[in-house]
Amino acid sequence: MQDTSTTEQETTITQPTLAFKGQGSELFSIQIVNIALMLVTLGLYYPWAKAKNLQYIYRKTEMADSPFTFHGTGKEMFIGFIKGIGIFGVLYSVLIYGMLQAQTDPGTYFICLLIFLAGLSVLVPIAIHGMMRYRTSRTSWRGIHMGYRGTLGSMFKLFYLNLFLTIITFGIYSAWFTTNVRKEVFKNMRFGNAQFSYIGEGSELFVLNIKGYLLTIFTLGIYSFWWAKDLIHFYINNILIEQDGKYSRLDSSLTGGQYFKLAVGNLLIMIFTLGLGYAWVVTRTMAAIVNNCEIIGEFNPDALAQTEEDYKNATFEDMADMMDIGLV
Amino acid sequence: MFEGKYYNGRTSKGMPAFITLEPTYIRVAWQAGGESGTEIWHLSEIHKSEFNDANTILEYGPFPRQSISVFEQGFKEALEQQYGDAEFLKSSYSSFAKTGITGLVAGGLSLLALAIVLFVWGVPALAEKAAAHFPEEYERALGEQLHAQMMLDQTIDSAKTEAIQDYLAALEVKSDFPITVTVVKNDMVNAFAVPGGFIVVHDGILDEMERHEELAGLLGHEIGHVQMRHSTKAITRSLSYYMLLSILFGDVSGIAAVIVDNASTLHSLEYSRTAESDSDKAGLELLVQNKLNPKGMVWLMERLNSDEPEFLKFISTHPNTSDRIKNIESHIRKTNYKPEPNPELEAAWAKLKDR
């Protein structure tokens, strides 16, 4: 796969290859230092550890033989980390206080629960927005930075409308919720003068999930790997890049069989190394996703121009982590 | 002089460039189309460069950064030879990776050993220290909440509860906390202690008992758990494990879940073997203190023993019941007094059995 596309690249520049060159042993040596420093600092080193981790992963992810760069630093993320811990500390204190009052004073419990849920639902759109702004601005390739142009207001509007529809449809709408958030996020993502968009539809995801769910039950779980493959395709293959009026598309050729090998292999690695093999799990997963991904169309990697401003606010990078939000 | 590509930070077009390593700066002479130019890179403004492979990348200056990419062999070595001490080449991560397989294996194993030490000794020891310093009022308040929450899905036998409280009142008890005993309808032979002096007894275990000394022994055992703060310590311990894991994996959302989870599973909390045998000793002491037959403790154990299916004994993490009996009997041999009948306790016991 690799070989054919590199030879192709000499004849045409419109099909840049994507590749992940990271090695488990290298990442492992980074993670060991990270974990040791986190233990010594009682976890405060986390933002620096995360920065180093991302710097490595980005550095080893290549497009057209040039690597991406993550410019984020531990110092930037540390401030966000502390703010995040503070906000979560307050929210959880309220919740725990309410729980302890639940028997004697159900009213207080109800109010505390409400405050907690309201707090979370305000934080989620803020965190998505903040993370996208920070993460894209700290990502560059050949010196060209990504960027995020979305506004917090439009994210709020979209989030609450979709949350409302999801609640009144008892969760059925969640497939459209997920898709609409992706549409909003990608629509506002810039890669220099190129612009992303997402063309997946909620109905597609809904059908895919119903089919995956039923077949997984009928095949006693075996189909779950093909379901996961379908989800990856849905998330990747619907990403478009527009550059100077021409559209290209990301395309994943990952098969269910490959995903099966990846997932089972990862599980075995984790079990037999007592978790120490986590670095290999990361590099294997990255390699499977990235090496099977192509850009189809007339994307010209040599024609990107710098368009974004410098941006350094990392407040919500870690908060998104704490809420387990992973978008890309 | 090395050949590479120069990126000016304004477009992604790579420009062929000749790179020269001068003593105090790097010279980048680029050429693209009809244009050409020369950049002088001062060492102090070159950004830290880590994780290079066949491709060595250097970045320079403020946003938007310029960069060079060099595939030519020998460039990395030349950089290190020329600017070995420069800030942009320093990396603690790379230097650890350079220790090779031995370093990685040693690092991994010592990390694993550290984790085991921390989990097996460090966390429990710290948690117990912390639990021992909880103010009593706080522990009582926590216990009240937990107890109330547990009673929600239990049927309280109020007649038996009243009778068992009368029995307790006639006993001579030493405790930091006021002891509140509740009898609930449940066939399982079980009883457990909630922090702050709350004891819950299943009527299933009362039905099995034939002599009141067994009840005294049971109460003594549970009061022992309360007095030695075993359940508070167990909660603190599982909470600290969780906090340690969430620090390592950066997830805080589960801490509240652990507290709530513990409230509902208090009755199946695992105490350590030492905690159980210490409480057995406390039960025995209560019998001795009240001049009751110390054999009560052994009889109690036999009730527990008969309940446990044979096959479970191997896998049970609870201390083996026959070991506990042996342990108690060795303590009984050290006691030296004549049990005296206690009419008040017997009357309360009769009343309890009646209901």
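Residues numbered from 1 in each chain as written. Chains lettered and ligands numbered in written order. Predicted model: local features only at pLDDT ≥ 70, side-chain atom pairs only at ≥ 80, totals over all residues.

Looking at an unreviewed UniProt entry, one finds chain B named M48 family metallopeptidase, with Pontibacter populi as its source organism.

In the nomenclature of an unreviewed UniProt entry, chain A is known as DUF898 family protein of Pontibacter populi.

Asks: Tell me about the interface of chain A and chain B, and please be specific about residues and values.
Replies: Contact residues are listed per partner, giving 46 residues for chain A and 39 residues for chain B. Counting residues per element, the ones that place at least two in the side of chain A that touches chain B are α2 (24-40), α3 (46-59), β3 (66-70), α4 (74-101), β5 (144-148) and α12 (317-322) of chain A. With 11 residues, the top contributor of residues to the side of chain A that touches chain B is α2(A). Grouping the amino acids of the side of chain A that touches chain B by side-chain chemistry returns 27 nonpolar, 10 polar and 9 charged. (Contact = placed C-beta atoms within 7 Å. Helix = DSSP H or I, 4+ residues; strand = E, 2+ residues; numbered from the N terminus. Nonpolar A, V, L, I, M, F, W, Y, C, P; charged D, E, K, R; others polar.)

Asks: Lay out the packing of helix α10 (residues 256-272) of chain A against helix α11 (residues 278-291) of chain A in plain terms, naming residues and giving numbers.
Replies: The relative placement of two packed helices is expressed as an angle between their axes plus a distance between the axes. Residues and elements named next belong to chain A. Running from amino to carboxyl end, α10 crosses α11 at an angle of 170°, the nearest separation of the two axes being 9 Å. Overall, the two elements α10 and α11 adopt an arrangement that is roughly antiparallel. Residues Gln 258, Leu 262, Gly 265, Asn 266, Ile 269 and Met 270 of α10 form the contact with α11, whose own contacting residues are Tyr 278, Trp 280, Val 281, Arg 284, Thr 285 and Ala 288. Partitioning the contact of α10 with α11 into residue classes produces 7 nonpolar, 4 polar and 1 charged. (Axes fitted to C-alpha atoms, helices over the stretch in contact; angles between N-to-C directions. Parallel < 35°, antiparallel > 145°, perpendicular 65-115°, else oblique.)

Asks: For the UniProt feature "transmembrane region" (unreviewed entry) in chain B, give the residues involved together with the corresponding values.
Replies: Here the UniProt feature "transmembrane region" (unreviewed entry) sits at residues 101-123 and 239-260 of chain B. In this annotation, residues 101-123 of chain B is assigned 100% helix and 0% strand; the end-to-end C-alpha distance for the span is 31 Å. (UniProt positions renumbered as here; feature names shortened; annotations may be inferred.)

Asks: Describe the UniProt feature "transmembrane region" (unreviewed entry) in chain A, and please don't skip the residues or the numbers.
Replies: All names here are of chain A. Mapped onto the present numbering, the UniProt feature "transmembrane region" (unreviewed entry) falls at residues 28-49, 78-100, 106-128, 158-177, 210-228 and 259-281. The distance separating the terminal C-alpha atoms of residues 28-49 is 12 Å; by composition the span is 77% helix and 0% strand. This span, residues 259-281, is 78% helix and 0% strand, and a straight line between its end C-alpha atoms measures 13 Å.

Asks: So what about the sheet that holds strand β6 (residues 189-191) of chain A? Which residues, and what values?
Replies: Residues and elements named next belong to chain A. Strand order in this open sheet of 10 strands is β1-β2-β3-β4-β5-β6-β7-β8-β9-β10, and the pairing throughout is antiparallel. Where the open sheet ends on each side, the last strands, each with one partner, are β1 (18-20) and β10 (293-297). Pairs of neighbouring strands in the sheet enclose a mean axial angle of 30°, with direction left out of account. Across 3 bridges, the pairing between β5 and β6 is antiparallel. When the sheet's bridge partners are listed, Met 146 is paired in β6 with Phe 191. Against the sheet, helix α5 (residues 106-137) touches β4 (139-141), β5 and β6, its axis set at about 170° to β5. (Pairing = 2+ DSSP bridges.)

Asks: Outline helix α4 (residues 136-151) of chain B, listing residues and values.
Replies: Residues and elements named next belong to chain B. Along its 16 residues, α4 runs 22 Å from first to last C-alpha, staying within 8% of the 22 Å computed at 1.5 Å per residue. If you check which residues of α4 are buried, you get Glu 139, Gly 143, Leu 146, His 147 and Met 150. In an axial view of α4, the angular spread of the buried residues amounts to 100°, which keeps them on one side of the axis. Residues of α4 that are exposed and point more than 90 degrees away from the buried face comprise Glu 137 and Tyr 138. (Expected span 1.5 Å × (residues − 1). Buried ≥ 20, exposed ≤ 12 C-beta atoms within 10 Å, placed from the backbone. Arc of directions from axis to C-beta.)

Asks: Requested: an account of unusual backbone geometry, with residues and values cited.
Replies: The peptide bond linking B:Phe63 to B:Pro64 adopts the cis configuration, its omega dihedral lying at -10°. Along the chain, B:Pro64 falls in the loop between β5 (56-60) and β6 (66-70). Within the chain, A:Ala64 stands out as a residue other than glycine whose phi angle is a positive 45°. Relative to the helices and strands, A:Ala64 is located in the loop between β2 (61-63) and β3. The backbone of B:Lys291 shows a phi angle near 55°, a positive value even though the residue is not glycine. Following the sequence through the fold, B:Lys291 ends up in the loop between α10 (273-289) and α11 (295-307).

Asks: Hey, could you go over the sheet that holds strand β9 (residues 198-202) of chain B for me, with residue numbers and the actual values?
Replies: All names here are of chain B. The strand order β7-β9-β8 describes an open sheet built from 3 strands, whose pairing is mixed. The open sheet has two edge strands, β7 (180-184) and β8 (191-194), and neither has a second partner. Neighbour-to-neighbour, the strand axes of this sheet turn through a mean angle of 20°, independent of strand direction. The sheet contact formed by β7 and β9 spans 5 bridges and is parallel. In the sheet register, Val 183 faces β9, and the bridge partner there is Val 201. Relative to the sheet, α4 contacts β7, β8 and β9, its axis offset from that of β8 by approximately 140°. Of the strands in this sheet, β7 and β9 touch helix α5 (residues 158-170), which is tilted by about 145° from β7.

Asks: So what's going on with α10(A)? Residues and values would help.
Replies: When the terminal C-alpha atoms of α10(A) are compared, their 24 Å separation across 17 residues agrees well with the 24 Å that a helix rising 1.5 Å per residue should span. Just past α10(A), the residue A:Leu274 takes up positive phi, approximately 55°.

Asks: Please provide a residue-by-residue account of the environment of A:Ile241, values included.
Replies: Residue and element names in this part refer to chain A. Topologically, Ile 241 is positioned in strand β8 (residues 239-243). Sequence spacing of Ile 241 and Phe 196 is 45 residues, and the spatial spacing of their C-alpha atoms is 4.5 Å. Residues contacting Ile 241, with those up to four places away along its chain left out, are Ala 194, Phe 196, Ser 248 and Phe 299.

Asks: Describe in detail the nonpolar core, supporting the description with residues and values.
Replies: With 39 residues, the main nonpolar core has B:Tyr167, B:Ile199 and B:Val201 as its most contacted residues. No other element matches the 6 residues that helix α7 (residues 212-227) of chain B contributes to this core. Not counting residues up to four positions away in its chain, the partners in contact with B:Tyr167 are B:Leu215, B:Leu345, B:Ala348, B:Trp349 and B:Leu352. Counting residues in each nonpolar core, the second largest holds 24 residues, with A:Ile128, A:Ile144, A:Phe186 and A:Leu304 among its members. (Core = buried A, V, L, I, M, F, W, Y, C linked by C-beta atoms within 7 Å.)

Asks: Give a detailed account of the pairing of β5(A), specifying residues and quantitative values.
Replies: Residue and element names in this part refer to chain A. Buried residues dominate β5, accounting for 5 of its 5 residues. Here 2 bridges tie β4 to β5, and the two strands are oriented antiparallel to one another. Note on β5: the bridge partner recorded for Trp 141 is Ile 144. Hairpin connection from β4 to β5: 2 residues lie between these consecutive antiparallel strands, with Arg 142 at a positive phi of about 50°.

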